Amino acid sequence: MPPSEHSPNWDNLYLEKTTPWDKGAPAPPLLEWIGANPSQIGGHVLVPGCGLGHDVRALAALADVTSVVGLDLSPTAVALAAEFSKVGEESYLAEDLFALDDAHLGTYDWVWEHTCFCAIDPSMREDYVRAVHGALKPGGHLLGVFYLDPYDAEHQPGGGPPHGSTLEELSTRFEESGLFLIEHSAVPGKAYPGREGLERTVRMRRI
Ligand SMILES: C[S@@+](CC[C@H](N)C(=O)[O-])C[C@H]1O[C@@H](n2cnc3c(N)ncnc32)[C@H](O)[C@@H]1O
């Protein structure tokens with residue numbers, strides 16, 4: 001099913017500058033992870049739903065990272081992301097995660113997930129898991145901060161994406177599907193103001 005049937009018009013939201021999720025800085029749980037594990041993330045990295053690319057650039061600055069591809073459905077987001085000064089071997093692509101070009105298949109050592117899984121309609125989550133699995137090399141890692149309960153002052157129930165999740169759902173979709181092994185799962189110590197305790201940092205290995 002095309003995402004347009006279930007999703008907001010992301011490009012319009014960027015054009016209108018209705019982007020409350022964009023905090024103008026990398027995700028605090030990502031910076032926390034990098035600080036605690038400075039040389040863990042390396043090789044080729046994919047960031048689906050990268051928005052303006054703050055996380056892309058934080059990853060591109062890492063010594064062991066060879067390249068980072070920030071992927072977003074919105075051409076406007078990608079164009080704005082590309083306006084930032086380059087910090088490493090980062091690039092941006094306006095592409096649909098659910099229709100990835102074959103060039104991405106089995107290409108990445110790491111995928112960084114941040115507010116893409118919770119933004120897509122839950123009916124597309126199986127497609128998300130398959131897309132990310134397909135993009136990773138065998139043994140590659142998906143590291144993500146999953147927004148478990150997004151219904152705060154910023155995002156109310158019924159107000160559209162992002163959509164909530166549970167640890168049980170993550171386990172069912174990623175692990176019980178036989179596609180990933182969850183290696184680490186913890187509440188991040190750092191979060192954007194207002195998201196404290198609502199997220200979970202999870203590292204999984206692609207089987
Ligand atoms: C809630 S925003 C988060 C953006 C960014 N991660 C951030 O925190 O600023 C969700 C992003 O996912 C993108 N997106 C939604 N569906 C997508 C898809 N099928 N493929 C690629 N990107 C998608 C949207 O355009 C949007 O930029």
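Residues numbered from 1 in each chain as written. Predicted model: local features only at pLDDT ≥ 70, side-chain atom pairs only at ≥ 80, totals over all residues. Heavy atoms only, no water.

To continue, consider the sheet that holds strand β5 (residues 136-147). Taking strand neighbours across the sheet as the criterion, the 7 strands line up as β3-β2-β1-β4-β5-β7-β6 in an open arrangement whose pairing is mixed. Each end of this open sheet is capped by a strand with a single partner; those strands are β3 (90-94) and β6 (180-186). On average, each strand axis in the sheet is inclined to that of its neighbour by 20°, with strand direction left out of account. Bridge count between strand β1 (residues 43-48) and strand β4 (residues 108-114): 2 bridges; the pairing is parallel. If you follow Val45 over to β4, its bridge partner there is Trp110. (Pairing = 2+ DSSP bridges. Helix = DSSP H or I, 4+ residues; strand = E, 2+ residues; numbered from the N terminus. Axes fitted to C-alpha atoms, helices over the stretch in contact; angles between N-to-C directions.)

Another point: the nonpolar core. Counting residues in hydrophobic clusters, the biggest one holds 26 residues, and the most contacted among them are Tyr128, Leu142, Phe146, Phe174 and Phe180. Residue assignment for this core shows that the elements contributing at least two residues are β2 (65-72), β4, α5 (125-135), β5, α6 (167-176) and β7 (199-206). Ranked by residues supplied to this core, first place goes to α5 with 5 residues. Apart from residues lying up to four places away in sequence, Phe174 is in contact with Phe117, Tyr128, Val129, Leu142, Phe146, Leu179, Phe180 and Met204. (Core = buried A, V, L, I, M, F, W, Y, C linked by side-chain atoms within 4.5 Å. Buried < 20%, exposed > 50% of the residue type's maximum accessible area, 1.4 Å probe, protein only. Contact = heavy atoms within 4.5 Å.)

With that settled, consider the site of the ligand. Near the ligand there are 18 residues, and of these Tyr14, Gly49, Asp72, Asp96 and Leu97 occur at the shortest range. Here a nitrogen atom of the ligand sits 2.8 Å away from a polar atom, N or O, in the side chain of Asp96. Contact between the ligand and Thr115: an oxygen atom at 2.9 Å from a side-chain N or O atom of the residue. A class-by-class count of the residues in the shell around the ligand yields 9 nonpolar, 5 polar and 4 charged. (Near = heavy atom within 4 Å. Polar contact = N/O pair within 3.5 Å; in protein donor to acceptor, adjacent residues only side chain to side chain. Nonpolar A, V, L, I, M, F, W, Y, C, P; charged D, E, K, R; others polar.)

Attention now moves to helix α4 (residues 75-82). Here α4 has its buried residues at Thr76, Ala77, Val78 and Ala81. Here the buried face of α4 lies against α1 (10-16), α3 (54-60), β2 and β3.

Now for unusual backbone geometry. A positive phi angle, close to 65°, is found at Lys17, a residue other than glycine. When you line up the elements, Lys17 lands in the loop between α1 and α2 (28-36). By relative accessible area, Lys17 is classed as exposed at 65%. The backbone phi angle of Thr115 is positive, close to 60°, even though this residue is not glycine. Locating Thr115 in the fold gives a position in the loop between β4 and α5.

Attention now moves to the environment of Pro188. Structurally, Pro188 is set in the loop between β6 and β7. Along the chain, Pro188 and Arg206 lie 18 residues apart, while their C-alpha atoms are 22 Å from each other. Excluding anything up to four places from it in sequence, Pro188 contacts Pro29, Glu32, Val145, Glu199, Arg200 and Thr201.

Let's shift gears to the packing of aromatic side chains. Per the counting criterion, the structure on display carries 8 aromatic pairs. When the ring of Tyr14 is compared with that of Trp21, the centres are 5.6 Å apart and the planes differ by 75°; the resulting orientation is edge-to-face. Between Phe117 and Phe174, the ring centres sit 5.7 Å apart and the planes meet at 45°, which makes this aromatic pair tilted. With Phe117 in the loop between β4 and α5 and Phe174 in helix α6, this pair connects stretches of sequence that are 57 residues apart. (Phe/Tyr/Trp six-rings, centres within 6.5 Å; stacked < 30°, edge-to-face > 60°.)

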